[in-house]
Amino acid sequence: MRRTMLELLAGILLLVLVVGTPASAGQGQQGDWEFGPYAGFGWLDDYDILHPKGDAIFGLRAGYFFTPRWSLEGSWQRLSTDTDLSAGSNESFDLTSGRLNLLLNFRPGESVRPFVTAGVGIEKADAGQLGDSTDTGWNAGGGVRWYLSHSFALRLDGRYVWTNVGDRIDQSQGNIEATLGAAWSLGGGSPSDADRDGVTDRQDKCPGTPVGAKVDSAGCPVDSDHDGVADGIDQCPATPGGWPVDARGCPLDGDRDGVADGEDACPNSPAGAKVDARGCTTDEDDDGVFDGLDRCPATPRGARVDAYGCPIDSDHDGVPDGIDTCPDTKHGARVDAQGCEIVSKSAPLFTQDKKTLVLEGVNFETNSATLTPDSVTVLETVAVSLKDWPEVRVEIGGHTDSSGADAYNLELSRRRAESVKAYLAAKGIDESRLKTRGYGETRPIAENRTREGRARNRRVELTRVD
């Protein structure tokens, strides 16, 4: 009978192996129900007088997965054998077990899933005429499932069972069991997909795909533009091949010039500088300061500039250094386009027919050689003219009216001529060009009898000396 049952179970397992085909995902997911038959062999502990023989085990089990890792199952099994009494007369020995076990299952979603288990059960031993005993038994062990399809697996178990047998037997028993069984799954949840990419973990060849990324049938990210960022999370999905990108899949622009690093021929452009289509800086006025940073973008070619691109004008004449051919022009001077002072000669003091010039408006304090303030304007004009005509040499002649002693008037006229010379010399006229002489009252140009005549006689004259 036992042999017939064993052959039947073996036939069932063989049939399952033939029809069972691998599926796209493993089982043992949250919410799964698992059931199936099993068979194996039990090595029974040697009782004091019974000496039961080891024999085949047949059983059924059913379980429920609370999570992919934790499941609870109940089982019923029977082992039928004989005793080996010392007197030579054997008795049948049946060991029937009903158990409840907790399982910790490893490798969720994989086709091969090891587990460990521990549980408690009712162990009923029936030794025929020698009596029977029903006791609580404890068991612990482990095993492995091999999923051949979505709903079918082979299961190998091994465990140790300890029972404190009472009644007439009254001793503890420790048995070892090894079984092979089949397991079917019903009503379970969907196969595990840890990275939530729509491809179950068992079939997923890229199990760490970022959330939101598009994947192929193997669960690997699709990257249409080959930039290393998967489609679905790539915010710039048309990036040209080979361009460096950021975590969003968008082209990097290290120098922030608006030209991506992948096509930037000048990747280190200064911040704020204008660049061309290649990402290189431009300098329209060719002054060495890039457009965008140049505060004076229209600097003349050749002009020296400061760090801001503005012309340097050391002599402040309006012509930048570098194109100023007269870089030391005095302050305030009028200059030409080359930065050189514009020299315009004043009207000459003397002409071919006029060799003497009366300095109208040059006056002195009464009975003094001190120039009055209103004399300065006239003498300024004279100084400018003498500068414009450097070849002219003059005599400064002082004259008085007839009032006063002759000797006094002669000395006063000389001193007044010297005062005019000193003023002109102070304005930059070489003293070698200036000669002085006092004429006193000896050369009147009007009657001394009238006030107007005397005023005309009190004068200073410039006479050209050839």
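Throughout this description, residue numbers start from 1 for each chain and increase along the sequence as written. Predicted model: local features are reported for residues with pLDDT of at least 70 only, side-chain atom pairs are reported and counted for 80 or more only, and whole-chain, interface and lining totals are derived from all residues. Side-chain measures here rest on the full set of heavy atoms in the structure, leaving out hydrogens and waters.

**Here's the deal with a nonpolar patch on the surface**
Okay, step 1: Judged by side-chain polarity, Phe41, Trp43, Val120, Trp138, Tyr160, Trp162 and Ile176 come together as a nonpolar surface patch covering roughly 710 Å² of accessible area.
Okay, step 2: To qualify as a helix, a DSSP run of H or I must reach at least 4 residues; to qualify as a strand, a run of E must reach at least 2; elements of each kind are numbered from the N terminus. Topologically, Trp43 is positioned in strand β1 (residues 33-43).
Okay, step 3: Under the scheme applied here, a residue whose accessible area is under 20% of the maximum for its type counts as buried, over 50% as exposed, and between as partly exposed, the area being computed with a 1.4 Å probe on protein chains only. Overall, the relative accessible area of 47% leaves Trp43 in the partly exposed class. Any residue with relative accessible area above 30% and no salt bridge may belong to a patch, with like charges joined within 9 Å and the nonpolar Val, Leu, Ile, Met, Phe, Trp and Tyr side chains within 5 Å. The Shrake-Rupley method, run with a 1.4 Å probe sphere, supplies the accessible areas, and residue values consider only the shown protein chains as cover. What makes a salt bridge here is a side-chain nitrogen of Lys or Arg within 4 Å of a carboxyl oxygen of Asp or Glu, nothing more.

**Let's talk about empty space enclosed by the protein**
It is the rolling of a water-molecule-sized probe over the atoms that shows where space remains empty.
Okay, step 1: Cavities and pockets were defined on a 1 Å grid built over protein atoms only: a cavity is a set of grid points that admits a 1.4 Å probe from which the probe cannot escape, a pocket is an open set flanked by protein on both sides within 12 Å along at least five of seven lines, and lining residues are those with an atom within 4 Å of any such point. Grid points are joined across faces, edges and corners, and a volume is the space filled by probe spheres set on the points. Using the criterion set out here, one finds two cavities of 30 Å³ or more in the structure.
Okay, step 2: Its volume calculated, the largest cavity comes out at about 100 Å³.
Okay, step 3: In terms of lining residues, the largest cavity is bounded by 13 residues, among which Tyr38, Arg61, Gln77, Arg99 and Arg159 are the most central.
Okay, step 4: If you list the elements that add at least two residues to the lining of the largest cavity, you get β3 (70-82), β4 (92-105), β7 (152-165) and β8 (171-186).
Okay, step 5: The residue makeup of the lining of the largest cavity, split by class, is two nonpolar, five polar and six charged.
Okay, step 6: Considered as a void within the structure, the second largest cavity measures approximately 40 Å³ in volume.
Okay, step 7: Lining of the second largest cavity is provided by Glu34, Phe35, Gly36, Arg61, Ala62, Gly63, Glu73, Arg155, Ala182 and Ala183.
Okay, step 8: For the lining of the second largest cavity, the elements supplying multiple residues, two or more each, are β1, β2 (55-65) and β8.
Okay, step 9: Any residue outside Ala, Val, Leu, Ile, Met, Phe, Trp, Tyr, Cys, Pro, Asp, Glu, Lys and Arg is labelled polar, Gly included; the first ten of those are nonpolar and the last four are charged. Its residues assigned to classes, the lining of the second largest cavity comprises four nonpolar, two polar and four charged.

**Quick word on the state of the cysteines**
Okay, step 1: Sulfur atoms of two cysteines make up a disulfide when they are within 2.5 Å. Under the criterion given, the structure shown has five disulfides.
Okay, step 2: The residue that forms a disulfide with Cys266 is Cys280, at a sulfur-sulfur distance of 1.9 Å. On the sign convention where negative is left-handed, the bridge of Cys266 and Cys280, at about 75 degrees about the S-S bond, is right-handed. Here the residue Cys266 occupies a position in the loop between β8 and β9 (356-358), and Cys280 occupies one in the loop between β8 and β9, the gap between them amounting to 14 residues.
Okay, step 3: In this structure Cys280 comes out as buried when scored by relative accessible area, which is 7%.
Okay, step 4: By sequence-ordered numbering of the bonded cysteines, the protein chain has its disulfides arranged as 1-2, 3-4, 5-6, 7-8, 9-10.

**A word on the nonpolar core**
Okay, step 1: Within this scheme, the nonpolar core is defined by two criteria: the residues are buried Ala, Val, Leu, Ile, Met, Phe, Trp, Tyr or Cys, and they are joined through side-chain atoms within 4.5 Å. Core analysis: the biggest nonpolar cluster contains 21 residues, and Leu359, Leu386, Ile396, Val420, Leu424 and Leu462 have the highest contact counts within it.
Okay, step 2: Looking at this core, the elements that each hand over two or more residues are α2 (375-388), β10 (394-399), α3 (406-426) and β12 (459-464).
Okay, step 3: Contacts between residues were defined by any pair of non-hydrogen atoms, one from each residue, lying within 4.5 Å. When neighbours within four sequence positions are excluded, Leu462 is seen to be in contact with Leu349, Phe350, Lys355, Thr356, Leu357, Leu359, Val382, Val394, Glu395 and Ile396.
Okay, step 4: Listed in part, the eight residues of the second largest apolar core include Leu44, Ile57, Phe93 and Ala125.

**What to know about a positive patch on the surface**
Okay, step 1: Neither His nor the chain termini are counted; the positive set is Lys and Arg, and the negative set is Asp and Glu. By convention, the charge on Lys lies at NZ, on Arg at CZ, on Asp at CG and on Glu at CD. Taken together, Arg393, Lys435, Arg437 and Arg443 make up a surface patch of like positive charges.
Okay, step 2: Tracing the backbone through its elements, the reader meets Lys435 in strand β11 (residues 434-440).

**Focus: the pairing of β2**
Okay, step 1: Of all 11 residues in β2, eight are buried; the element is thus mostly enclosed.
Okay, step 2: Here the rule is simple: two strands pair whenever DSSP picks up at least two bridges between them. Note that β1 and β2 share 10 bridges and pair antiparallel. Residue pairing across strands places Glu34 opposite Gly63, the latter belonging to β2.
Okay, step 3: Where β2 meets β3, nine bridges bridge the pair, whose relative direction is antiparallel. By the bridge assignment for β3, Tyr64 is matched with Leu72.
Okay, step 4: Linking two consecutive strands that pair antiparallel, namely β2 and β3, is a turn of four residues.

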